[in-house]
Amino acid sequence: MTKPSPSARERIVAGAADMISRRGLNATSIREMAKHARAPLGSTYHYFPEGKQQLATEAVRYTGELVARGLRKELRAGPVAGLRAFLALWRKIVVDSDFRAGCPVLAVSIEEPAAEETPAALTAAADVFTEWEGLLAASLREHGTEPERAAQLATLIVAAVEGTVAMCRAKRSTEPLDRTEVQLRALILATIGD
């Protein structure tokens, strides 16, 4: 059975996530996102009538769910397997993009918002980070970690991996991911072994 091709809307969202992961949100126009997705600009505004912020918000949610889906699957085998999968995903992204792409959720999070209000994309990024932390913390709790310690370690894992992805891009090397994996794995094993 063949996998159905993504809809035009899904292609635009995936393309926007890719562009944001490479250039950041402020440096990427909606026109460039449409072009990158090979979609007419009119179609982009049809699907995202509120413009760039709406599209960026959907791109963040798309990335969040893509990563969460992989985490849910791998965490069934335990927190170490989940960590390994989380790191492998980002390793693949930075290597396959020749160290040009990172995480669009992080990219949206670190940019200065254009307006006084909190943009929807930034709120979506906070929700995504919370979901990833929640999935990791739940797995740690299931494997015997006290709830507060599980929450703290889950936050550390997400923060360390996100920061390490940025380091990989800057250094054009996966060595930061390799080093981070060793230390986070040791922390998880020590925590679930207590």
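Predicted model, so just to flag it, every value in this text is computed and none were measured.

Turning our attention to the nonpolar core. Counting residues in hydrophobic clusters, the biggest one holds 52 residues, and the most contacted among them are Trp132 and Ile157. Secondary structure elements with two or more residues in this core: α1 (8-23), α2 (30-36), α4 (52-75), α5 (79-96), α6 (104-110), α7 (120-142), α8 (147-171) and α9 (175-193). The biggest single contributor to this core is α7, with 10 residues.

Okay, the packing of α4 against α7 next. Contact pair α4 / α7: the axes reach a minimum separation of 8 Å and the direction vectors enclose 5°. With respect to α7, the element α4 is oriented roughly parallel.

This next bit is on the pattern of salt bridges. On inspection of all chains with the given rule, the structure shows 13 salt bridges. We note a salt bridge from Arg72 to Glu131, for which the minimum N-O separation is 2.7 Å. Here Glu131 lies in helix α7 and Arg72 lies in helix α4, a separation of 59 residues in the sequence. Overall, the relative accessible area of 34% leaves Arg72 in the partly exposed class. In this structure Glu131 comes out as partly exposed when scored by relative accessible area, which is 27%. By sharing partners, the salt bridges in this structure join Glu65, Arg69, Arg72 and Glu131 into a single network.

The subject of this paragraph is the packing of aromatic side chains. Under the criterion given, the structure shown has 5 aromatic pairs. A ring pair is formed by Phe86 and Trp90, whose centres lie 6.5 Å apart and whose planes are at 80°; its orientation type is edge-to-face. Within this pair, Phe86 and its partner Trp90 are both found in helix α5, separated by 4 residues, close to a single helical turn. Each of the two residues, Phe86 as well as Trp90, counts as buried. Joined through ring pairs, the aromatic side chains of Phe86, Trp90, Phe129 and Trp132 make up one cluster.

What counts, and where the lines are drawn
Residues take numbers from 1 onward in each chain, read along the sequence in its written order. Reporting in this predicted model follows two pLDDT cut-offs: at least 70 for local features of residues, and 80 or more for side-chain atom pairs to be given and counted; totals over whole chains, interfaces and linings ignore these cut-offs and use all residues. Each side-chain value is worked out from all heavy atoms of the structure, with water and hydrogens disregarded. Put simply, buried Ala, Val, Leu, Ile, Met, Phe, Trp, Tyr and Cys residues joined by side-chain atoms within 4.5 Å make one nonpolar core. Only protein chains enter the accessibility calculation, which uses a 1.4 Å probe; a residue is then buried when its area is under 20% of its type maximum, exposed when over 50%, and partly exposed in between. A run of H or I in DSSP becomes a helix once it reaches four residues, and a run of E becomes a strand once it reaches two; helices and strands are each numbered from the N terminus. Axis definition: a line fitted to C-alpha atoms, limited for helices to the stretch in contact. Angles are taken between N-to-C directions and run from 0 to 180 degrees. Orientation categories follow fixed angle ranges, with anything under 35 degrees roughly parallel, anything over 145 roughly antiparallel, 65 to 115 roughly perpendicular, and all other angles oblique. Salt bridge, as applied in this entry: a Lys or Arg side-chain nitrogen positioned within 4 Å of an Asp or Glu carboxyl oxygen. We call Phe, Tyr and Trp rings a pair once their centres come within 6.5 Å, taking the six-membered ring for Trp, and we label the pair stacked below 30 degrees between planes, edge-to-face above 60, and tilted otherwise.

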